[in-house]
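Close look at the chain arrangement
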Amino acid sequence: MKRVGALGLTLGLAGCANRPLSYLDSTSPIGSQIASLGWGLTAISVGVCIVIGVLLAVSIWRRRSGSLEVGPVNDRRAIRWIGVGVAVSTIFLVGSAVWTLITVHSIAQPGTPSGLSVDVTGQEWWWSVKYNSSDPSRQFTTANQLVIPVGVPVQVNLMSADVIHSFWVPKLGGKMDMIPSRTNMTWLEADKVGDFRGQCSEFCGLQHANMAFSVRVLSQADFDAWWTGQLQPASASDSPGLQTFMVRCAACHAIRGTAAGGILGPDLSHFGSRESIAAGLLPNTKPNLVDWINNTQTIKPGVKMPELHMLASETDEVASYLEGLK
Amino acid sequence: MVAHADTVDPPLRRRLLETWETAPGLYGWLATVDHKTIGIRYLCTAFCFLLVGGAEALIMRVQLAQPNLKVLSPDAYNQLFSMHGTTMMFLYALPILSGFSNYLWPLMLGSRDMAFPRLNALSYWVFLFAGIFLYVSFPIGQAPNGGWFAYVPNTNLKYDPGINMDVFSLGLVFLGISTVVGSANFIVTLLRCRAPGMSVNRLPIMVWGTFTASAANLLAVPAVSLACIMLWLDRRCGTHFFDVAGGGQPLLWQHLFWMFGHPWVYALVLPAMGIVSDALPVFCRRPLVGYTLVAISTVATMILGFGVWVHHMFATGLPVMSLSFFSAASFVIAVPSAIGVFCWIATIWTGKPQFKTPFLFFAGFVMLFVIGGVSGFMTASVALDWQLTDSYFIVAHLHYVLLGINVFPVVGGVHFWFPKMTGRMMSERLGKWTFWTMLIGFNVAFFPMHITGLMGMPRRVYTYDADMGVGWLNLISTIGAFVFAVGVVLFLFNVWRSLRAGAPAGDNPWDAPTLEWSTTSPPPVYNFATIPQVASRYPLWEERLKESDERSIVGDAVPDGMVLDQGKETIGVSPLDAVPTVVLKMPGDSLLPLLLTIGMAALFFGMLALSLWLIVLGGICEIVTLAAWLTPKPHEAEERVELYE
Amino acid sequence: MSETAQNEVLPVGGAGPVSTAWWGMACLIATEGILFVYLIFSYAYLGSQQNGPWPPAGPPSLKLAIPNTIILIGSSIVLGWGLHLFRRTRNSRRLATTLFVTVVLGTVFVTIQGFEWAQKPFVFSTNAYSSAFFILTGVHMAHVVVGLVMLIMLLVWTLMGRFNQGHHEHLALGALYWHFVDVVWLAVFTTAYLVPQFK
């Protein structure tokens, strides 16, 4: 049975290269150190299960002579073997503890801090992301996405606006809780360009299951361009979509360059370039956006955004406007 | 020399029966203090809660069988998973072990009853009423919904309006009273109410396990009771223990909860490990290998268990230095567990296994213990835990340890002691079907969760995305869960059928060595007509083990034995060497435990409803009942009696 | 150890550690005692996580707390001494007086502390400090009140003559509980009143 288990584990993991949240293969310095520790401890665990399983099986089915009668016993040899077993176990335990502490020490802080830092605030059930800069005019806010340059350690300051959430990008590193009244600090660094997925990993209420975010890793040049792009305010527009937006949405949402400055919901600047809607729940397409605006409570029951019951034309206009904000 | 109760001197037998038998009818049913009745009540009630918790799990598994199913709303799911955890952790896992211990301890220890029979009845009634208190919230859709761990601020009033978490916090304080009272009873019973000669190195390991767990509970339960009172006060009285707006600290809840929670999970498994340590040797036809090692490792595990609680908080951002300490301690705690595993395997290896149903469950337990243990070993590593925690890997780990180390020994233990409790044997054929169904179902359900966890599926989620790639594994888990449920149904069917038509068991169908097997099946209400005098760990195997020339005096036809028939009496002994030091008078039937419980219920419902008059009424009931309970009898002088007539 | 003297004489029920009730009280004291350890931990933890001073408004006044402590310790001394005399003299009337004086001293303690609470510039729900202070001193106060109820019961039983024949177990265990409550007060007083004076 344990052999089947080990086999199953291997088979299951073999198919995990394209699993977005799997962390036993990793593309970051933190993630890969944890991954090797993980593989090592998994190997020890599987080994222990096999050894104990074999010992158990042999002890049950080995040949014996004699009746089922109770008789005198001498356990000196048995105790000695128990001692051997405990000693071997202790060696593996101590070794694993030492390996753990070495790993912890090496991933607790980035090798050379880069000065790039991001403030991520968890809210019920989305992520507010603020890019820091020594130049105040270069700071900006976005939501539900992180964009970072490849090979650069990024400090992530973690806060919460309401309950405890947890920030986790499995392929790039371990998780860290976001606790109100505290600021926790973690750091991310990616070895390769690509898209990664993050997930809230502390039960935070009704929509804990649907609180995801994306992490996009770009080359340094692309990252600088992205940052500059994010700073651009929305161009002036007299579209009916913007007008509707100001009336129906601006109380909670903000768009840089317009008069909309609501902070209760995600910042929607450059919304058209975002990957997903509603914190990783739906891919960002216009039909999905229309669906979302009309049916928030059906798609994400309990979410703080009410169903607005706008006219179909109004919804369509707002969606067009938002998708145009690249 | 074991003799049948039929050989008891009839006038003595009549006297003992008259003294010890519970009154008939409804009064007796409500007022009994007989530890065997109370033990069976605990077993049945805890099992009912197991079934309810299991049903909750099956519904959850249906919702999770495929991505994005809409069988349950998020709110319904949150209530279900919270009640599943609360029910299993509080209303099943400890009470079922209390049931075994309550029934068996006096029989195993050679005593006539527990130290405090009325307190025993009280601990059962409080358990029952607290369980009902927690469950009345379900029909009104207000069941606890913040998880069994109830992290703040999510469970503060602002984010969890409604009475769900008031039911939870008050219910746990209510239940905690049962746990503490029961623990005190076990501790004092162990220290004082044993047969002469039952020194500490002759105690069954199950007694060691329950004693250790009880001592731990005495010290750990106040932490969660305090945390729950603070939660209730934050919610209903505006205090700021956890509320950040007033300077409160969310992590205070986690520290208090886990300072309780970690010792608690060891309390849930150590007595069950004791069951295996006592019953497995019977089916290996030899004593346990390394008795002293196992006893010491039981105590060591519990003590270490008080020093690892932060491993539930590895991702909270605590200083790396303290996390490292707790990680190291979490590795160290595996050492005593390893001792136990090797002792059990050695017992089987050097013994002659009998493939009866209990043996199958105990052998299966060893393997599940090791699998659960190694997944725990992996989470002990703080760096790896930063990936594993809050994922389905933990769900796999906790179910392997809880079902593997509690449920499997419990089911094996029921098969083992059912003959003693009822006088009938359970069906071996059904038993084997039960074992294999449960074993296969369990592993099919929970092994894949290791993989889903490693693939990043978070826990406590009501649904998941299709592109996470875990849909097929979740489907397998769901199927396994239902197979396991079939096993449980088979077990229940076996119990029901055996109660009506099982083969007669006789006194000692398994040819087991401990004192409970020297009585009839079921035992007489007074347990032993003559108090045994114990000379070794395995009184009924002494002739064959030939460890020494001393022989225990066991059985009812002993001339000049200690009969203690001047009223309800048993012998009290010194804690270590079990030298008789006092004759203890036991109370008879009493309604006071039930009345005290009703008063408590009034207090707690009053707090739930914020009703002052109900609280006052409950308080008055408590004071009056306690006064009646504790009133010294008139004209009571210090008595001294001769032990033998 | 299977041999016991054939003519062994044992007490029935017993007193002190020979009885089971004594051990039961020991368990109660253990579990209630550790409750106070957790309370003190909570108080200290909340303080350690604050940015400002703890207590925020400065240390609490000792004006009433010190005399009150003396009163409570005094009540323990009265009770202990009175029980000691009772064991020797079996004078129930004097015992009743002792119990009565202890109850009075305990009631004075409760009253003075209630008065001190009312004078505080904060209430239970003001902030984390007030919550921690009141739960720490309040849980202790609850134990004192329970102790007073218990002492009154002992007084009533004494007046009913239940202890005339020398059955002392209830008295001994009740006194044990009362002494426990006093020792706990010393810990609470030190934590909440003395330690802040030195910060």
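Residues numbered from 1 in each chain as written. Chains lettered and ligands numbered in written order. Predicted model: local features only at pLDDT ≥ 70, side-chain atom pairs only at ≥ 80, totals over all residues. Heavy atoms only, no water.

1. Quick look at the overall build of chain C
Quick note on the threshold: Only runs of H or I of at least four residues qualify as helices and only runs of E of at least two qualify as strands under DSSP, and these elements are numbered from the N terminus. Relative accessibility under 20% of the residue-type maximum defines a buried residue, over 50% an exposed one, and the middle range a partly exposed one, all with a 1.4 Å probe and only protein chains included. When checking whether two residues touch, look at their non-hydrogen atoms; a contact exists if any pair is within 4.5 Å. Per-residue accessibility takes into account occlusion by the displayed protein chains alone, with areas from the Shrake-Rupley method and a 1.4 Å probe. Counted charges follow a simple rule, with Lys and Arg positive, Asp and Glu negative, and His plus the chain ends left uncounted. For this purpose, a charge sits on NZ of Lys, CZ of Arg, CG of Asp or CD of Glu.
Helix and strand counts for chain C stand at five helices and one strand. Burial analysis of chain C (199 residues in total) assigns 50% to the buried set. Looking at chain C alone, contacts between residues at least 24 apart form 80% of all its contacts between residues at least 6 apart. Counting every atom, chain C has about 8,900 Å² of accessible surface; 69% of that belongs to carbon and sulfur. The positive charge centre, built from 9 side chains, and the negative charge centre, built from 6, are 17 Å apart in chain C.

2. Regarding the packing of helix H4 (residues 128-159) of chain C against helix H5 (residues 169-194) of chain C
Two numbers describe a pair of packed helices, the interaxial angle and the distance between the axes. Residues and elements named next belong to chain C. Selection rule: Between the N-to-C directions of two axes lies an angle of 0 to 180 degrees, each axis being a line fitted to C-alpha atoms and, for a helix, fitted only over the stretch in contact. Oblique is the label for every angle not falling under 35 degrees (roughly parallel), over 145 degrees (roughly antiparallel), or within 65 to 115 degrees (roughly perpendicular). It is the rotation of the near helix from the far one that decides the hand of a crossing: anticlockwise by less than a right angle makes it left-handed, clockwise makes it right-handed. The classification used treats Ala, Val, Leu, Ile, Met, Phe, Trp, Tyr, Cys and Pro as nonpolar, Asp, Glu, Lys and Arg as charged, and all other residues, Gly among them, as polar.
Relative to each other, H4 and H5 sit at 160°, their axes nearing to 10 Å. Taken together, the axes of H4 and H5 are roughly antiparallel relative to one another. The handedness of the crossing between H4 and H5 comes out as left-handed. Residues of the contact of H4 with H5, tallied by class, amount to 19 nonpolar, seven polar and no charged.

3. Side note on the confidence of the model for chain C
Residues and elements named next belong to chain C. As a reminder, the rule being used: Values of pLDDT, which run from 0 to 100, indicate the predictor's confidence residue by residue.
Per-residue pLDDT for chain C has a mean of 91; in total, 96% of the residues score no lower than 70. Below a pLDDT of 50 lies the segment residues 1-5, which in the model reaches 13 contacts outside its immediate sequence neighbourhood of four places, other chains included. If you check the scores for this complex, the pTM reads 0.95 and the ipTM reads 0.95.

4. Focus on the environment of Leu 91 of chain B
Residues and elements named next belong to chain B. Residue position: Leu 91 is located in helix H4 (residues 74-109). Relative accessible area serves as the criterion here: at 0%, Leu 91 is assigned to the buried category. For the pair formed by Leu 91 and Gly 53, sequence separation is 38 residues and the distance between their alpha carbons is 9.2 Å. For Leu 91, the contacting residues outside a window of four places in its chain are Ala 46, Phe 49, Thr 86, Phe 127, Gly 131, Leu 134, Tyr 135 and Leu 175.

5. Overview of the interface of chain B and chain A
For clarity, the cut-off: Any carboxyl oxygen of Asp or Glu within 4 Å of a side-chain nitrogen of Lys or Arg constitutes a salt bridge here. Each polar contact in these results corresponds to two N or O atoms within 3.5 Å; when the atoms are within protein, one needs to be able to donate a hydrogen and the other to accept it, and residues that are neighboring in sequence are counted only if both atoms are side-chain atoms.
Each partner contributes residues to the interface: chain B has 93 residues there, and chain A has 88 residues. Applying the counting rule to chain B against chain A returns five salt bridges. Residue Glu 202 of chain A is joined to Arg 460 of chain B by a salt bridge in which the shortest nitrogen-to-oxygen separation is 3.8 Å. Linking chain B with chain A are 23 residue pairs in polar contact (both at pLDDT 80 or more), by the criterion used here. Of all the secondary structure elements, the ones that give two or more residues to the side of chain B that touches chain A are H4, helix H8 (250-279), helix H10 (320-332), helix H11 (334-350), helix H12 (357-380), helix H13 (382-388), helix H15 (428-454) and helix H17 (542-545) of chain B. Per-element accounting of the side of chain B that touches chain A gives the leading share, twelve residues, to H11 of chain B. Per-class residue counts for the side of chain B that touches chain A are 57 nonpolar, 25 polar and eleven charged.

6. Brief notes about unusual backbone geometry
In the segment running from Glu 124 of chain A into Trp 125 of chain A, the intervening peptide bond is cis, with an omega of 15°. Tracing the chain through its elements places Trp 125 of chain A in the loop between strand S1 (117-123) and strand S2 (126-131). For the bond running from Trp 54 of chain C to Pro 55 of chain C, omega is 0°, close enough to zero to count as cis. Here Pro 55 of chain C shows up in the loop between helix H1 (20-48) and helix H2 (65-89). With phi around 60°, Ala 279 of chain A is a residue other than glycine that occupies positive phi space. Relative to the assigned elements, Ala 279 of chain A resides in the loop between strand S11 (276-277) and strand S12 (282-283). In this structure, Asp 511 of chain B takes a positive phi of about 55° despite not being glycine. Looking at where Asp 511 of chain B falls in the secondary structure, it is placed in the loop between helix H16 (471-501) and H17. Judged by its relative accessible area of 24%, Asp 511 of chain B is partly exposed.

7. Focus: the sheet that holds strand S10 (residues 212-218) of chain A
Two orientations exist for strands paired in a sheet by backbone hydrogen bonds: parallel and antiparallel. Residues and elements named next belong to chain A. For clarity, the threshold we go by: At least two DSSP bridges between two strands are needed for those strands to be called paired.
With respect to topology, five strands assemble into an open sheet ordered S4-S10-S9-S6-S7, the strand pairing being mixed. Taken across any chain shown, the strands that pair with only one partner, and hence form the sheet edges, are strand S4 (145-149) and strand S7 (176-178). The mean angle between the axes of side-by-side strands here comes to 25°, regardless of whether they run parallel or antiparallel. When strand S6 (residues 165-168) meets S7, the two strands line up antiparallel, connected through three bridges. Along S7, the bridge assignment pairs Phe 167 with Met 176. Helix-sheet contacts for helix H4 (residues 220-231) involve S4 and S10, and the interaxial angle to S4 is about 135°.

8. Concerning the sheet that holds strand S8 (residues 184-188) of chain A
All names here are of chain A. Overall, mixed pairing links the five strands, which are arranged S3-S2-S1-S5-S8 in an open sheet. At either end of the open sheet lies a strand with only one pairing partner, and these are strand S3 (140-143) and S8. Pairs of neighbouring strands in the sheet enclose a mean axial angle of 25°, with direction left out of account. Two elements, S2 and S3, share four bridges in a ladder whose sense is antiparallel. The residue bridging Tyr 131 from the neighbouring strand is Phe 140, located in S3.

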